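Structural overview
Spelled out from the first residue to the last, the chains are:
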Amino acid sequence: MAADKKLLIDEELSNMKEVTKSLGGIELVTCVPELVRVHLRLTEHKQLSMCLQFPEDYPHSPLLIELKSRTLGDKLLDRLTKICEEEVKKKLDRSRYSSTFLMDNPLCSCSEEISLIKKELLDDGDELKLKQKNSQIVLRIRKKKYFMNFRVNVPDDYPKECVRTEVTDSNFPELLRMNFQAQAEEISRRCIQPPLKKTPKAPVFTPKPSLQPVCEFMIRESIKRYPEEVCPLCKETCLPDDPQTQPVEKSKEVIRVYCGHIYHFGCMNSYMNTPPFKGGKKCPSCEYRIFHHQWNVSPELAEARWAHKEARKRELDEVMDFLE
Ligand SMILES: [Zn+2]
Ligand SMILES: [Zn+2]
């Protein structure tokens, strides 16, 4: 099935589920792309079931409709079927007239990416909704007791222009939330802008679609990852199991360094201020040099500071000895 068609059908099915939920007397028996079966029950004698099928070239040809009933007469069913078919056809003509499946469905420029995201990144309990009118994808992602809701705006000119990500709600620590959002922006930007530093052997830069990379980062590499990640230094889970119990002491606050690993502030602080300093401090998990504005000092300066502190400690110890 073509990705566009699949996307459209998926969306219609999810609308269908919503609509039938809010109406009484309707039961959605089957709701899959191959077949939709609805059972309508007004009274014991007014019952009917309706089968809908999407034709091969949907939405260019209308839905196939079949009505069945054990209690209603054939003639009535025939007439009802005709009425339904006419309605469906009218709707199709209208949408052809205003043309344009494309204008009504701006998100079709990324339909394949959306299918991939649904298939590869979402678990049960996660949600992805398309807001065609605003050209927006709304996501609600959870992991253990943590969640993050964010929306991705897809511009008209996609993929030449990149998507924009906006976190709307979350119970991750504020520092991480800001960090995720900033990096998502950076990832989208890099999809459409050539690197600032040119390397002579690099291939010619071509812009690429940014939706999937951004969702990959937000979902797999952030929201699904960090609630289980341990601090590389103390080996305990960094984030508290319960997001409501955010730490009060600064030493238990969680920071994320450039390589993507997260640490307790206290653990990182003592690690950064303890020798050896030569060659700069490296992340024990991935060996990547640690860059963080909080400890933005050269190895020489760190060494000097440490030596100074040690000397002070020795002096104090001597004074204490003397006083004893
Ligand atoms: Zn730690
Ligand atoms: Zn690392």
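Everything below is about the structure printed above this text.
Residues numbered from 1 in each chain as written. Chains lettered and ligands numbered in written order. Predicted model: local features only at pLDDT ≥ 70, side-chain atom pairs only at ≥ 80, totals over all residues. Heavy atoms only, no water.

Observations regarding the coordination of the zinc ion (ligand 1)
C231 (SG), C234 (SG), H264 (ND1) and C267 (SG) make up the full set of protein donors to the zinc ion (ligand 1), lying at 2.1 to 2.4 Å. Coordination at the zinc ion (ligand 1) is tetrahedral: its 4 donor atoms span angles of 97 to 114 degrees at the metal. Here the donor residues of the zinc ion (ligand 1) share one chain and are spaced in sequence as C-x2-C-x29-H-x2-C. Within this pair, whereas C231 is found in the loop between helix 6 (211-223) and strand 9 (254-256), its partner H264 is found in strand 10 (residues 262-264), the two being separated by 33 residues in sequence. You can call C231 buried: its relative accessible area is 0%. Taking relative accessible area as the criterion, H264 reaches 3% and is therefore assigned buried. (Donors = N, O, S within 2.8 Å, 3.2 Å for Na, K, Ca; no water. Tetrahedral: all angles 85-135°; square planar, octahedral: opposite > 155°, others 65-115°. Helix = DSSP H or I, 4+ residues; strand = E, 2+ residues; numbered from the N terminus. Buried < 20%, exposed > 50% of the residue type's maximum accessible area, 1.4 Å probe, protein only.)

Some points on the packing of aromatic side chains
A complete count under the given rule lists 8 aromatic pairs for this structure. Grouping aromatic residues by their ring pairs yields a cluster made of Y146, F172, F180 and Y226. Over the ring of Y271 we find K281; its NZ or CZ atom is 4.5 Å from the centre of that ring. (Phe/Tyr/Trp six-rings, centres within 6.5 Å; stacked < 30°, edge-to-face > 60°. Lys NZ or Arg CZ within 6 Å of the ring centre and 35° of its normal.)

Examining the sheet that holds strand 8 (residues 164-170)
Overall, antiparallel pairing links the 4 strands, which are arranged 5-6-7-8 in an open sheet. The two strands at the open ends of the sheet, each matched to only one other strand, are strand 5 (127-131) and strand 8. Ignoring strand direction, the axes of neighbouring strands in this sheet form an average angle of 20 degrees. Strands in contact with helix 5 (residues 174-192) are strand 7 (146-153) and strand 8; relative to strand 8, the strand with the most contacts, it is inclined by about 165 degrees. (Pairing = 2+ DSSP bridges. Axes fitted to C-alpha atoms, helices over the stretch in contact; angles between N-to-C directions. Contact = heavy atoms within 4.5 Å.)

As for the pairing of strand 3 (residues 47-53)
With 6 of 7 residues buried, strand 3 is to be regarded as a mostly interior element. Of the pairings in the sheet, the one linking strand 2 (residues 35-41) to strand 3 comprises 6 bridges and is antiparallel in character. Within strand 3, the position partnered with L40 by the bridge is L48. Taking the residues between adjacent antiparallel strands as the criterion, strand 2 and strand 3 are bridged by 5 residues. Pairing of strand 3 with strand 4 (residues 64-68) involves 5 bridges; the strand directions are antiparallel. Note on strand 4: the bridge partner recorded for M50 is L67.

What to know about the environment of A304
Looking at the secondary structure, you find A304 in helix 8 (residues 299-323). Taking the C-alpha atoms as reference, A304 lies 9.9 Å from F277; in sequence the two are 27 residues apart.

Considering the nonpolar core
Ranked by size, the top nonpolar core spans 48 residues in total, and within it I114, I137, L139, F150, L211, M218 and I219 carry the most contacts. No other element matches helix 6, which puts 7 residues into this core. Shared between two domains, this core takes at least three residues from each, and those domains are domain 2 (106-195 + 205-228) and domain 3 (235-309). The contact partners of I137, leaving out residues within four places of it in the chain, are L107, I114, L128, K129, L130, F150, R151, V152, V154 and L211. Judged by nonpolar contacts, the second largest core, of 16 residues, contains I9, C31, Y58 and I65. (Core = buried A, V, L, I, M, F, W, Y, C linked by side-chain atoms within 4.5 Å. Domains from an automatic or database assignment.)

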